[in-house]
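Descriptive structure summary
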Amino acid sequence: MNNSAQRIAINAEGVVDWGLPYPHAVKFGNLVFLSGQLAQDEATGEPVAGGIQPQTRKVLENIKAVLEAAGTSMDMVLKTTCFLMDRDDFDDFNVVYREFFKKGKEPARSTFKVAKLAPGYIVEIEVVAGIPE
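Let us look at the structure shown here. Worth saying up front: this structure is predicted, and the values here are computed from it rather than measured.

Ordered by their spatial adjacency, six strands build an open sheet running E1-E2-E3-E6-E4-E5, and the pairing between neighbours is mixed. Looking along the sheet, the strands with just one partner apiece sit at the ends: strand E1 (7–10) and strand E5 (108–113). Going from strand to strand, the sheet's axes swing by 15° on average, the running direction of each strand aside. Relative to E5, strand E4 (residues 77–84) runs parallel, the two being bridged by six bridges. Of the residues in E5, the one forming a bridge with Thr 81 is Ser 110. Seen against the sheet, helix H1 (residues 52–69) touches E1, strand E2 (25–28), strand E3 (31–34), E4 and strand E6 (123–130) and runs at an angle of roughly 30° to E6.

Across its 18 residues, H1 extends 26 Å between first and last C-alpha, which sits within 8% of the 26 Å expected from 1.5 Å per residue. Within H1, burial applies to Ile 52, Gln 55, Thr 56, Lys 58, Val 59, Leu 60, Asn 62, Ile 63, Val 66 and Leu 67. The secondary structure elements touched by the buried residues of H1 are E1, E2, E3, E4, helix H2 (90–100) and E6. Positive phi shows up at Gly 71, right after H1, with a value of about 90°.

Another aspect to go through is the pattern of salt bridges. One pass over the full model with this rule turns up four salt bridges. Glu 68 is the partner of Lys 64 in a salt bridge, and the nearest nitrogen-oxygen pair spans 2.9 Å. Of the two residues, Lys 64 and Glu 68 are both situated in helix H1; the distance of four residues between them amounts to about one turn of the helix. Residue Lys 64 is classed as partly exposed on the basis of its relative accessible area of 38%.

Tallied over the full model, the rule gives one cavity of 30 Å³ or more. Roughly 80 Å³ of internal volume is contained in the largest cavity. Taken together, Asn 11, Val 16, Asp 17, Trp 18, Leu 20, Tyr 22, Pro 23, His 24, Ser 35, Gly 36, Gln 37 and Leu 38 make up the full set of residues lining the largest cavity. When grouped by side-chain class, the residues that make up the lining of the largest cavity number six nonpolar, five polar and one charged.

To continue, consider the packing of H1 against H2. Remark: H1 packs on H2, axes separated minimally by 8 Å, with the N-to-C direction vectors making an angle of 30°. Between H1 and H2, the crossing angle belongs to the class labelled roughly parallel. Viewed along their axes, H1 and H2 form a crossing whose handedness is right-handed. Residues Ile 52, Gln 53, Thr 56, Arg 57, Leu 60 and Glu 61 of H1 lie in contact with H2, whose contacting residues are Asp 92, Phe 93, Val 95, Val 96, Tyr 97, Glu 99 and Phe 100. Split into classes, the residues belonging to the contact of H1 with H2 amount to seven nonpolar, two polar and four charged.

Further remarks concern the packing of aromatic side chains. Inspection of every chain in the model, using the stated rule, returns three aromatic pairs. Where Phe 93 meets Tyr 97, the ring centres are 5.6 Å apart and the plane angle is 35°; that geometry is what we call tilted. Here the residue Phe 93 and the residue Tyr 97 both occupy positions in helix H2, the gap between them amounting to four residues, near one helical turn. Comparing Phe 93 with Tyr 97, the two get one shared label, buried. Measuring from centroid to centroid gives 4.7 Å for Tyr 97 and Phe 101, while their planes differ by 45°, and the two rings are tilted. Since its relative accessible area comes to 6%, Tyr 97 is described here as buried. Linked through ring pairs, Phe 93, Tyr 97 and Phe 101 together constitute an aromatic cluster. In this arrangement the basic side chain of Arg 87 is found over the ring face of Phe 90, its NZ or CZ atom lying 4.3 Å from the centre. The ring of Tyr 97 carries Arg 109 above its face, with NZ or CZ at 4.5 Å from the centroid.

Here is what the cut-offs are and how they apply
- Residues numbered from 1 in each chain as written.
- Predicted model: local features only at pLDDT ≥ 70, side-chain atom pairs only at ≥ 80, totals over all residues.
- Heavy atoms only, no water.
- Pairing = 2+ DSSP bridges.
- Helix = DSSP H or I, 4+ residues; strand = E, 2+ residues; numbered from the N terminus.
- Axes fitted to C-alpha atoms, helices over the stretch in contact; angles between N-to-C directions.
- Contact = heavy atoms within 4.5 Å.
- Expected span 1.5 Å × (residues − 1).
- Buried < 20%, exposed > 50% of the residue type's maximum accessible area, 1.4 Å probe, protein only.
- Salt bridge = Lys/Arg side-chain N within 4 Å of Asp/Glu carboxyl O.
- 1 Å grid on protein atoms, 1.4 Å probe; cavity = no way out; pocket = protein on both sides within 12 Å on 5 of 7 lines; lining within 4 Å.
- Points joined across faces, edges and corners; volume = space filled by probe spheres on them.
- Nonpolar A, V, L, I, M, F, W, Y, C, P; charged D, E, K, R; others polar.
- Parallel < 35°, antiparallel > 145°, perpendicular 65-115°, else oblique.
- Left-handed = near helix turned anticlockwise from the far one by under 90°.
- Phe/Tyr/Trp six-rings, centres within 6.5 Å; stacked < 30°, edge-to-face > 60°.
- Lys NZ or Arg CZ within 6 Å of the ring centre and 35° of its normal.

Here is the structure:
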């Protein structure tokens, strides 16, 4: 197997390790697949307070850190899958989302309203990104 086709687990410093059987991301060839990210406050171990905007910002900061650990960036995100507990949060979610993706570099996206996430969490995002050669 050549180096570009190896499966490599990625874990980023500063991003919560939930102790569950999955890494923050898996790199395969020139793609990286991120596990869903939640917004945990490292100081308290609790979900980030303040609603959808602070939680979305923390989730996207986590994603940025994991992507950097994998050797890529937010500009290389190809697809996001977003999970919201409340459809009424959609507009406020997009305000923060736009801060992280430059105009013209927005990834493809699916957004779902879900019945449950981990208790206290109201947004989760997973991504697929390319890795520059």
